[in-house]
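Descriptive structure summary
If you want the building blocks of each chain, they are given just below.
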Amino acid sequence: MSNLPFDPLLVSIAAPLALALLIALGLPKRWSVMLSYLAFAIPLLLGLHTWWHFSAVPQNQGYAFLTQYETGLGGLGIGLKLGLNGISMPLFAMAGIVGFAAGLYAIQSGAERLKIYLMLLLIMQGGLMGVFASVDVFFLYFFHELALIPTFIMVGVWGGRDRSYAAMKMTIYLTAGAMISLVGLIALYVQSGANSFDLIELKRHLAAQPLAVSVQQNIFGLLLLGFGVLVSLWPFHTWAPLGYGAAPSSNAMLHAGVLKKFGLYGLIQVALPLLPEGMGHWAHPLAWLAVVGNILVVGLITIAQRDLKQMIGYSSVMHMGYAFLGLAAASVLGIGGVVLMMVAHGLSVALMFLLATSVHHRTQTFAMDEMGGLAAKAPVLAAFFVAATFASIGLPGFANFWGELTIFVALWKFSPLITVLAIAGVIISAVYGLRAVASVFFGPASQRMNEVAQAHPPTDLRWAERVPALILLVALLFVGLWPKSLSDPINGALAPKTQTAAR
Amino acid sequence: MNLETVKLAAENNLWSAIVPELMLGCIALLLLVLEMVLPKKHRVAIADVATAGVFGTLLGVVLNWNVGLNGVETFNGLILHSESGQLMRVFFLLSALMVCLLGRVALARQAMPKVEFYHIVLVVTAAMMLLAQSNHFLMLFVALETLTIGLYILVGYFRTSTASLEASLKYLVMGALSSGLLLFGIVLLYGVGGNAALSAHTANSMHYGELGHFLAANPHNFLASLGVVLVLSGVAFKIGAFPFQIWVPDVYQGAPTPVTAFLAVASKAAGFAVLIGLCGPGGVFAAYNWLTTPVLTVIAAATIIFGNIAALTQHNVKRMIGLSGVSHAGFLLLGVVAAPVAPLALGAIYFYLFAYLLASFSVFGVMVHVAGPDDSDQELDHYAGLAKDSPFLATVLAVGLGSLAGIPPLAGFMGKLLIFIAAYQSGARWLLLIAAAGVVVSIYYYFGWIKAAFFESWAARPEAAGTRPARTPVGAVTGVALGALALASVVLGFYQGPIGAWFTR
């Protein structure tokens, strides 16, 4: 076990939730803000701790830091079982990093009713840490829903344009996706006959008595559809750009960066190992949906966007297409690439949303036509934005590069045609990414930009904004330059026997 | 009937076993006496006496949890004592306690005699408690009529309000029809069970055990099938299931809000207690599962679809919660359909009922505080600004609605999950898919209500504040009760502990 005197996973879930409870009970604002630093730092530090010690910690049934707590439903095989394997550890650490950045950004944002805003964000953070720390499928779902609720409220109350409509649309889409996946999980639970939601137990049981192929295919289809809606699989993606366009920045960072990965995570951690016959049946329809819908159609739509935040929202839908392609390839290489990409995309899209909001503070608009020439007034902001754009296009040196590269390599074996189409998508993302950089930061300032600049002369990125942005950027570069720190644990979890795979 | 028979019958009477019901009856009478003897200015204390009496009875039942009598029949087989009967006693007493508390708030706004309200609530509660333990169609019918007649009066209690009177009349007409159906079904079963030409015929064919034995010996008798379907129709009216749900929105809207809560929670649960006794595992109609399961499956599907779709367009919150209650009856029916096959189902139904009680009374508790003098006029718009003016009420409302919608981490989600697992185990997969779709649809109207209370508030239109009725400030006792309900909804969602272990044995 780790050398900590407490269970790092439970504490990283409980610390934000405990502070949220204190705030709900009427903690004064000053204390709420002070303690929020601590409550966001604890998951970050524990996330980094588990990352650092992961290879050294002894593993129990494939999981490190394994512990179990009874919650009263032991008769149904439901218990709060926490642990990290090579797939969940990178995401757990990423959730800690993005959560800390989002928390810092929220504290400095000076949002109205900051206490309640922080409270909701803390509930979200607690839920997110729980999602990736749970070994019990029931709690995996439970924590996801716990993290989802604050999203609806935050979009509805603190959101921008169309917030009411966006909140309603998100709620209905995401509930639909969650209900479909719940039915799929219940089907898996009952059909397996293991009388347990515990992943380890389910795996052992299904390895001994696999389900019939047709049953596996049907349940996999349900899970794919349900989780797919949650990850904005085309054509169920329309909630995402709308919701992210309206969501307040910290919420968009946590939702687009971390929470949305739940669907992919569920497919990788639950559906693929437990229903091994399922993916083959659905791989081709899934790959075509992803490449034509998510990558090409949504990619072209992204190019047409004139609203910066909506554009980032669409681009995140597009990047999910690559993740689905990696899943469709269903090899150790492909899935390893997906996990790496999930981490990279979580960091980079959070950084993009953060910077977009900082741009908005200086231009008073998200419309890219009404900006221009910001680089001269805010060079640090411009530098961050360019770096984030390069990361999200997938240039070498950033984490995203390794994720996309491994996915393409894996995909070539699956279907060269789809691979070629997918690579064409990279060009699309370069087009919209660079166009955004050009129209926001370079070129002549627009008429309206000049008026805004006269009323409120734009300042460069303040330190309170720089620190969270820097944390995300450093993490992106760290993984980009040393991907082995994540790919080794991932490979260990995906192919425990073989030592050579994704690098 | 000679003296010897009467003596034999009396020997089987175990009055100590129904002390809680007797206590409620005595307190109800005491209230009437107090009304006569107390000077006028002290009569406000009557509500306190009623509330304290219900609370005392509840404590008594919980502290003297009587397991010794489980499985024993008393009163010559009229009553069967069981663990589920004890559980439902607690359920009805909790409901009555909340109805008394809500009644104090709602009645304070009306110029109206108050004592009869509490009197009838107590009598109806005692009837429900007996109904849940009945083991004989005679007992069932008498208890059911006692509670239904009490509810006719309660629904029309605001006698100066035309909406309340109209609701009462509608409830009376529909209730009389359903009682007729039920009685016709009972008579058919009684007649066919006593037919000496059939095997296992019995002289006592209204007794559950005897009738169940007879039905098991004649599993495809036409007259008995007709009786079974008619009895189910009568019960379907009680729980507001399709196609007997048509009275629900009007009656729920017109009835005083505490009575609406009573109808929505306790009366519905009483119907389910009866239904489990009839169609559950080892129930009277167990041999007719070939008939009851398809009938209930169709009813459940139609109830879920109707309740959710009809609730979508409502702007009056009382109608909305009534129709959402119809869909909850559908979810519970899903559990009843699964009950003969899936061992989890019974615990799931009881857990769902308790989660539903906690959530519903949270919502109704907020409703009585938001409502104005015209009790039937409770629009969504009246909730604008609630989060700003009264964060406590808004939080209780959000927890209650979230739990009704089945959002984790609230108790309502656990109830739905358990029911869904049981439904899948029983193989009712299409019904499960319909229920899952129903949950998604229900999000729209529950969310709309939360939206009305939260989202608009911080940009509240000042002109709207003038048109909505003045809100009642929250009293100390009611506040504690509502806080406890909301807290219980949250805690039961996170940590079920020994309660969860008990329900999922």
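None of these values were measured; they are calculated from a predicted model.

Reading guide: rules and limits
- Residues numbered from 1 in each chain as written.
- Chains lettered and ligands numbered in written order.
- Predicted model: local features only at pLDDT ≥ 70, side-chain atom pairs only at ≥ 80, totals over all residues.
- Helix = DSSP H or I, 4+ residues; strand = E, 2+ residues; numbered from the N terminus.
- Rg over C-alpha atoms; globule rule 2.2 N^0.38 Å.
- Contact = placed C-beta atoms within 7 Å.
- Buried ≥ 20, exposed ≤ 12 C-beta atoms within 10 Å, placed from the backbone.
- Pairing = 2+ DSSP bridges.
- Nonpolar A, V, L, I, M, F, W, Y, C, P; charged D, E, K, R; others polar.
- Axes fitted to C-alpha atoms, helices over the stretch in contact; angles between N-to-C directions.
- Parallel < 35°, antiparallel > 145°, perpendicular 65-115°, else oblique.
- Expected span 1.5 Å × (residues − 1).
- pLDDT = per-residue confidence, 0-100.
- Core = buried A, V, L, I, M, F, W, Y, C linked by C-beta atoms within 7 Å.
- Left-handed = near helix turned anticlockwise from the far one by under 90°.

When its secondary structure is counted, chain A shows 21 helices and 2 strands. A globule of 503 residues ought to have a C-alpha radius of gyration of about 23 Å, and chain A, at 22 Å, matches this closely. Within chain A, counting contacts between residues at least 6 apart in sequence, those at least 24 apart form 80% of the total.

Further remarks concern the overall build of chain B. Of the regular secondary structure elements, chain B holds 21 helices and 2 strands. Computed over C-alpha atoms, the radius of gyration of chain B comes to 22 Å, within 12% of the 23 Å expected from 2.2 N^0.38 for 505 residues, which places it in the range of a compact globule. Seen through its C-alpha atoms, chain B measures out along the principal axes to roughly 75 × 60 × 45 Å. A buried classification covers 58% of the 505 residues belonging to chain B.

Right, let's talk about the pairing of strand β2 (residues 80–84) of chain A for a bit. All names here are of chain A. Of all the 5 residues making up β2, 5 are buried; the element is thus mostly covered by neighbouring parts of the structure. Going residue by residue along β2, you find Leu80, Leu82 and Leu84 tucked away on one face and Lys81 and Gly83 tucked away on the opposite face as well. With 4 bridges joining them, strand β1 (residues 64–69) and β2 adopt antiparallel strand pairing. Looking at the pairing, Tyr69 lines up with Leu80 of β2.

Another aspect to go through is unusual backbone geometry. Omega for the peptide link from Trp234 of chain A to Pro235 of chain A comes to 0°, which places this bond in the cis form. Positionally, Pro235 of chain A belongs in the loop between α8 (213–230) and α9 (239–246). The omega torsion across Phe242 of chain B and Pro243 of chain B is 0°, close enough to zero to call that bond cis. Relative to the helices and strands, Pro243 of chain B is located in the loop between α9 (222–239) and α10 (248–254). With phi around 60°, Ser232 of chain A is a residue other than glycine that occupies positive phi space. Topologically, Ser232 of chain A is positioned in the loop between α8 and α9. A tally of 30 C-beta atoms within 10 Å means that Ser232 of chain A is categorised as buried. Positive phi is not limited to glycine here, since Phe75 of chain B has a value of about 55°.

This part takes up the interface of chain A and chain B. Contact with chain A, which involves 26 residues of that partner, is made by 28 residues of chain B. Contributions of two or more residues to the side of chain A that touches chain B are made by α5 (137–158) and α6 (163–192) of chain A. The dominant element in the side of chain A that touches chain B, judged by the number of residues it contributes, is α6 of chain A, at 13 residues. Here the side of chain A that touches chain B is built from residues that sort into 17 nonpolar, 8 polar and 1 charged.

Residues and elements named next belong to chain A. The geometry of helix α13 (residues 308–329) relative to helix α14 (residues 332–363) is characterised by a closest axis approach of 9 Å and an angle of 175° between their N-to-C directions. One way to sum up the angle between α13 and α14 is to call them roughly antiparallel. Residue-level contacts link Leu308, Lys309, Ile312, Ser316, His319, Tyr322, Ala323, Gly326, Leu327 and Ala329 of α13 to Gly334, Ile335, Gly337, Val338, Met341, Met342, His345, Val349, Met352, Phe353, Ala356 and Val359 of α14. By residue class, the composition of the contact of α13 with α14 is 15 nonpolar, 6 polar and 1 charged.

The next subject is α9 of chain B. Residues and elements named next belong to chain B. The first and last C-alpha atoms of α9 sit 26 Å apart over 18 residues, in line with the 26 Å expected at 1.5 Å per residue. The buried fraction of α9 amounts to 13 of the 18 residues, a majority that puts the element mostly inside the structure. In the stretch just after α9, Gly240 is the one whose phi turns positive, near 70°.

Moving on: α14 of chain A. For an α-helix, 3.6 residues make a turn, and residues three or four places apart therefore share a direction. Residue and element names in this part refer to chain A. Helix length check: α14 (32 residues) gives 45 Å between terminal C-alpha atoms against 46 Å at 1.5 Å per residue, within 8%. Within α14, 29 of the 32 residues are buried, leaving the element largely enclosed by the surrounding structure. Just downstream of α14 lies Gln364, where phi reads positive at about 60°.

Residues and elements named next belong to chain A. Within the secondary structure, Gly159 is located in the loop between α5 and α6. A residue is classified by how many C-beta atoms lie within 10 Å of it, and Gly159, with 23 of them, is buried. The contacts of Gly159, once residues within four sequence positions are left out, are Ala166, Ala167, Ala246, Ala247 and Pro248.

Moving on to the confidence of the model for chain B. Residue and element names in this part refer to chain B. Mean pLDDT over chain B: 87, with 96% of residues reaching 70 or higher. Predicted confidence in chain B is weakest over helix α19 (residues 462–467), with a mean pLDDT of 57, and strongest over helix α5 (residues 115–133), with 93. Reported confidences for the modelled complex are a pTM of 0.89 and an ipTM of 0.85.

The next point concerns the nonpolar core. Counting residues in hydrophobic clusters, the biggest one holds 406 residues, and the most contacted among them are Leu325 and Leu347 of chain A together with Leu131 and Leu334 of chain B. Top element by residues in this core is helix α14 (residues 345–370) of chain B. It accounts for 21 residues. Residues in contact with Leu131 of chain B, not counting those within four places in the same chain, are Leu140, Ala143, Leu144, Leu147, Ala270, Ala273 and Val274 of chain B.

Residues and elements named next belong to chain A. Two numbers describe how α14 lies on helix α21 (residues 484–494): the axes approach to 10 Å, and their chain directions differ by 135°. Of the possible angle classes, the one that applies to α14 and α21 is oblique. Between α14 and α21 the crossing geometry is right-handed. Contacts between α14 and α21 involve Val332, Ile335, Gly336, Val339, Leu340 and Val343 from the former and Leu486, Ser487, Ile490, Asn491 and Leu494 from the latter. Here the contact of α14 with α21 is built from residues that sort into 8 nonpolar, 3 polar and no charged.

Attention now moves to the environment of Gly60 of chain B. All names here are of chain B. Following the sequence through the fold, Gly60 ends up in helix α3 (residues 45–63). Taking the C-beta count within 10 Å as the criterion, Gly60 has 13 such neighbours and is therefore assigned partly exposed. Gly60 sits 31 residues away from Leu29 along the chain, and the two C-alpha atoms are 19 Å apart.

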